[in-house]
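Read off the chains here:
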Amino acid sequence: MHLAIIMDGNGRWAKKRGLKRIEGHKKGAEVVKEITTYCADNPDIEILTLYAFSTENWKRPKMEVEFLMKLLDNWLKKELDTYIKNDVKFETIGDISKFSDKLKKRISHTKEVTKNNKKLTQILALNYGARDEITRAVKKLIETKEEITEENIQKNLDISRDVDLLIRTSGEIRLSNFLLWQIAYAEMFFTKSFWPDFTSKELEAIINDFKKRERRFGGI
Ligand code: FPP
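These figures come from a predicted structure and were not determined experimentally.

Whenever I open this one, the overall build of the protein confuses me. Can you help?
Helix and strand counts for the protein stand at seven helices and six strands. Projected onto its principal axes, the C-alpha coordinates of the protein cover approximately 55 × 45 × 35 Å. Put simply, the protein has 220 residues, and 49% of those count as buried. Considering only contacts in the protein between residues 6 or more positions apart, those separated by 24 or more positions represent 75%. Here the protein has roughly 11800 Å² of accessible surface; of this, 52% comes from carbon and sulfur atoms.

Written out as C-alpha cells, the structure is:
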C-alpha cells in the first residue's frame, strides 16, 4: 500500500515544552527515522510519502527555513546508513530546483546510492504543493502535444500511484495541498498526537483500523 503522512505539530510540541520551534523539528526528524524503519519492516507498505516542506513553507521566518534545509542535509548524510541497512529507496516529489546546490547534490547522491533498494520506497515531499504538481503535469502534456486525459495527467504527476492511507498528526483536519489528485479514494486518519510524539505503535493501530475499513472505490 501507499501510506502518506502530513507530519504536523512540531512547533506546538516545542512550545508546549518551552522550547524553540526548531527543537520540535529536530525531534520530528528522529520520528521520521522510527516510522521509516517500521514501514520497511511492514510488508504491507510499499511506499511511504512524507510531507517535509510545502510550497507555502517558504513564508516561515528565514531562520526556520534555513534550519529546515540544514536539518534535511545533515539528516540525509547521517541516515544514509539507515536507508542502506533497511533496504529503503529514497525519492522526492516537488520542485527542488530552488534548493541550494549542496542540498541538491545530497539529494541526488542519496537517490543514486539507494536506487536499487527494495523493501520500501520513502518519498519526501520537498517544496511540494499538489496544485503546483498538477499544473506542471498539464504543462508537460501541452508541451509534448499529448491529449489532456485523466490517465495522461496522472502519468505526468511527480507520483502516479494512488494513496491508500493518509494520516495527519496534530489534530488539524485539513489536507494543506498534499497529494490532492492521489488521495481521491484514500482512507484518512487524523490523530491529535503532535508529530514528535507519534510512534510506530500508534501507526500500527491506525493500520489495523484501516484494514478493517471496507473500500468500495465508488462501487457498492
Ligand atoms: C510541521 O510542523 C512540520 C514541518 C513543516 C516540517 C516537517 C519536518 C520534519 C518532520 C523534520 C525534518 C524532516 C526530515 C525528513 C529530516 P509545524 O512546524 O507546522 O508545527 P506547528 O503546526 O505546530 O507549528
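Please explain the pattern of salt bridges as it appears in this structure.
For side chains bearing opposite charge, pairing can occur when the charged atoms are close. Counting across every chain of the model gives 23 salt bridges. Where K33 meets E79, a salt bridge forms, and the shortest distance between an N and an O atom there is 3.4 Å. Of this pair, K33 sits in helix α2 (residues 21–41) while E79 sits in helix α3 (residues 62–85), and the two are 46 residues apart along the sequence. By relative accessible area, K33 is classed as partly exposed at 35%. Between R161 and E46 there is a salt bridge, with the nearest N and O atoms lying 3.4 Å from each other. Highlighted residues: R161 in the loop between α6 (150–155) and β5 (165–168) and E46 in the loop between α2 and β2 (47–54), separated in sequence by 115 residues. Of the residues examined, R161 reaches a relative accessible area of 32% and is grouped as partly exposed. When its relative accessible area of 41% is taken as the criterion, E46 is described as partly exposed. Salt bridges linked by common partners bring D8, R12, R168, E172 and R174 together as one network.

Which parts of the structure should I look at to understand the site of the ligand?
Taken together, 16 residues form the shell around the ligand, and within it D8, G11, R12, R21 and R60 come nearest. At 3.0 Å, a side-chain N or O of D8 approaches an oxygen atom of the ligand. A distance of 3.2 Å separates an oxygen atom of the ligand from a polar backbone atom of N10. Computed on the free molecule, the ligand has an accessible area of 620 Å², of which 91% lies beneath the protein chains in the complex. Elements with a contribution of two residues or more to the shell around the ligand: α1 (10–16), α2 and α3.

What's the story with helix α5 (residues 130–143) in this structure? I'm lost.
The α-helix winds at 3.6 residues per turn, so residues separated by three or four positions along the chain end up facing the same way. Helix length check: α5, at 14 residues, gives a terminal C-alpha distance of 20 Å against a target of 20 Å (1.5 Å per residue), a fit within 8%. Among the residues of α5, those classed as buried are A130, E133, A137 and L141. Down the axis of α5, the sector holding all buried residues measures 75 degrees, keeping them to one side. Counted as exposed and oriented over 90 degrees from the buried face of α5: R131, K139, I142 and E143. Tucked into the core, α5 has its buried residues touching β4 (120–128) and α6. Among the residues trailing α5, K145 stands out with phi positive, at a value near 55 degrees.

Even after reading the chapter, I still don't get α2, so can you show me in this structure?
With 21 residues, α2 should reach 30 Å at 1.5 Å per residue; the first-to-last C-alpha distance of 31 Å fits that figure. Looking at α2, one finds that the buried residues are I22, G24, H25, G28, A29, V31, V32, I35, T36, Y38, C39 and A40.

Conventions and cut-offs
- Residues numbered from 1 in each chain as written.
- Predicted model: local features only at pLDDT ≥ 70, side-chain atom pairs only at ≥ 80, totals over all residues.
- Heavy atoms only, no water.
- Helix = DSSP H or I, 4+ residues; strand = E, 2+ residues; numbered from the N terminus.
- Buried < 20%, exposed > 50% of the residue type's maximum accessible area, 1.4 Å probe, protein only.
- Contact = heavy atoms within 4.5 Å.
- Areas by Shrake-Rupley, 256 points an atom, 1.4 Å probe, with all protein chains shown as cover.
- Salt bridge = Lys/Arg side-chain N within 4 Å of Asp/Glu carboxyl O.
- Near = heavy atom within 4 Å.
- Polar contact = N/O pair within 3.5 Å; in protein donor to acceptor, adjacent residues only side chain to side chain.
- Expected span 1.5 Å × (residues − 1).
- Arc of directions from axis to C-beta.

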